[in-house]
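Overview (structure and organization)
Chain residues, written in single-letter form:
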Amino acid sequence: GAVVSQHPSRVICKSGTSVKIECRSLDFQATTMFWYRQFPKQSLMLMATSNEGSKATYEQGVEKDKFLINHASLTLSTLTVTSAHPEDSSFYICSAILPLTSGGTETQYFGPGTRLLVL
Amino acid sequence: AQSVTQLGSHVSVSEGALVLLRCNYSSSVPPYLFWYVQYPNQGLQLLLKYTTGATLVKGINGFEAEFKKSETSFHLTKPSAHMSDAAEYFCAVSETGGFKTIFGAGTRLFVKA
């Protein structure tokens with residue numbers, strides 16, 4: 001099946017620094033990717049929709065200047081957490097949409113997640 | 001607006017017993033419905049999905065779910081639980097078949113030996 005990877009899988013950073021997380025679709029091109037965050041023992045919350053070649057669409061309450069999203073190619077979207085603070089510590093998960101296939105529907109594939117810890 | 005409610009944040013069953021995880025949804029348009037499983041510190045794995053057609057959907061690992069429009073439900077079942085089924089399960093709804101998916105709060109399944 002389709003594979004989505006994330007890098008790094010875990011990252012620890014100091015408060016005030018920026019962290020970049022990569023999301024790649026390994027064997028298909030994805031014009032649309034999504035970024036979610038998941039707090040411990042909670043569900044996934046959609047942060048933003050990443051569109052290749054255009055600006056990301058952010059969900060209400062998500063600071064676009066803090067969570068910078070770049071979807072520069074059909075296989076790569078990046079999420080940069082700028083000036084990270086301890087409250088940004090979370091599990092960040094991306095997903096990519098496998099485009100319509102003949103007779104099928106779009107399918108969403110999730111990456112393995114990135115655990116961010118801000119000290 | 002869409003929403004998903006999973007009844008029971010924790011469900012515990014004995015190995016070999018029936019697994020039933022409940023999910024109710026709200027959607028103003030015909031929904032696409034999903035069940036995902038998440039193991040600790042991992043991403044999500046799709047168990048099954050309902051888009052159109054047959055209301056009883058079979059997924060991986062012996063799981064199945066039935067879409068009941070009249071009850072706005074999409075409960076997940078498995079006839080016989082296995083220890084390896086212990087994980088977090090998320091029900092999700094989407095209006096466009098995978099775009100902007102809204103997740104339920106999740107149900108943690110415990111399987112007792």
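Structure shown above.
Residues numbered from 1 in each chain as written. Chains lettered and ligands numbered in written order. Predicted model: local features only at pLDDT ≥ 70, side-chain atom pairs only at ≥ 80, totals over all residues. Heavy atoms only, no water.

1. Notes on the nonpolar core
Note the cut-off: Think of a nonpolar core as a cluster: buried Ala, Val, Leu, Ile, Met, Phe, Trp, Tyr and Cys residues, connected wherever their side-chain atoms sit within 4.5 Å. Any residue under 20% of the maximum accessible area for its type is buried, any over 50% is exposed, and the rest in between are partly exposed; the area is computed with a 1.4 Å probe on protein chains only.
The biggest cluster of nonpolar side chains holds 26 residues, and the ones touching the most others in it are Trp 35, Leu 48, Leu 76 and Tyr 89 of chain B. Residues Val 11, Cys 13, Phe 67 and Ala 96 of chain A belong to the second largest nonpolar core, which totals 23 residues.

2. Re the environment of Asn 41 of chain B
What counts is decided by this rule: Helix and strand assignments follow DSSP, with helices taken as H or I runs no shorter than four residues and strands as E runs no shorter than two, numbered in order from the N terminus. Contacts are residue-level and defined by heavy atoms, with any inter-residue pair within 4.5 Å sufficient.
Examined against the element boundaries, Asn 41 of chain B turns out to sit in the loop between strand 4 (32-38) and strand 5 (44-50). Taking C-alpha positions, Asn 41 of chain B is 34 Å from Gly 53 of chain B, a pair spaced 12 residues apart along the chain. With near-sequence residues (within four places) excluded, Asn 41 of chain B lies in contact with Phe 91, Pro 112 and Arg 115 of chain A.

3. Details of the interface of chain A and chain B
Rules: The quantity reported as buried area is the accessible area (1.4 Å probe) lost by two parts once they are put together, taken as the sum for both. Salt bridges, as used here, are contacts in which a Lys or Arg side-chain nitrogen is within 4 Å of a carboxyl oxygen on Asp or Glu. All residues other than Ala, Val, Leu, Ile, Met, Phe, Trp, Tyr, Cys, Pro, Asp, Glu, Lys and Arg, Gly among them, are scored as polar; the first ten of these are nonpolar and the last four charged.
Across the boundary between the two partners, chain A contributes 20 residues, which contact 18 residues of chain B. At the boundary of chain A with chain B, total buried surface from both sides reaches about 1,600 Å², with 53% on carbon and sulfur atoms. Our enumeration of links across chain A and chain B arrives at zero salt bridges. Among the elements of the structure, strand 4 (32-38), strand 5 (44-51), strand 9 (90-98) and strand 10 (107-110) of chain A are those that each provide at least two residues to the side of chain A that touches chain B. Classifying every residue of the side of chain A that touches chain B by side-chain character gives nine nonpolar, eight polar and three charged.

4. Some thoughts on a nonpolar patch on the surface
What counts here: Residues enter a patch when their relative accessible area is above 30% and they make no salt bridge; the linking distance is 9 Å between like charges and 5 Å between nonpolar side chains (Val, Leu, Ile, Met, Phe, Trp, Tyr). The accessible surface values rely on the Shrake-Rupley method and a 1.4 Å probe; as for residues, cover is taken only from the protein chains in view.
A cluster of nonpolar side chains, contributed by Ile 12, Leu 117 and Leu 119 of chain A, occupies part of the molecular surface with about 310 Å² of accessible area. Mapped onto the elements of the fold, Leu 117 of chain A is located in strand 11 (residues 114-118).

5. With respect to the packing of aromatic side chains
How we decide: Two aromatic rings from Phe, Tyr or Trp, using only the six-membered ring of Trp, form a pair when their centres are within 6.5 Å; if the ring planes differ by under 30 degrees the pair is stacked, by over 60 it is edge-to-face, and anything between is tilted.
Under the definition given, this model contains 13 aromatic pairs over all chains. A ring pair is formed by Tyr 36 of chain A and Phe 103 of chain B, whose centres lie 5.5 Å apart and whose planes are at 85 degrees; its orientation type is edge-to-face. With Tyr 36 of chain A in strand 4 and Phe 103 of chain B in strand 10 (residues 102-103), the pair connects residues from two separate chains. An identical accessibility class is assigned to Tyr 36 of chain A and Phe 103 of chain B; each is buried.

Read these as spatial facts, not as claims about activity.
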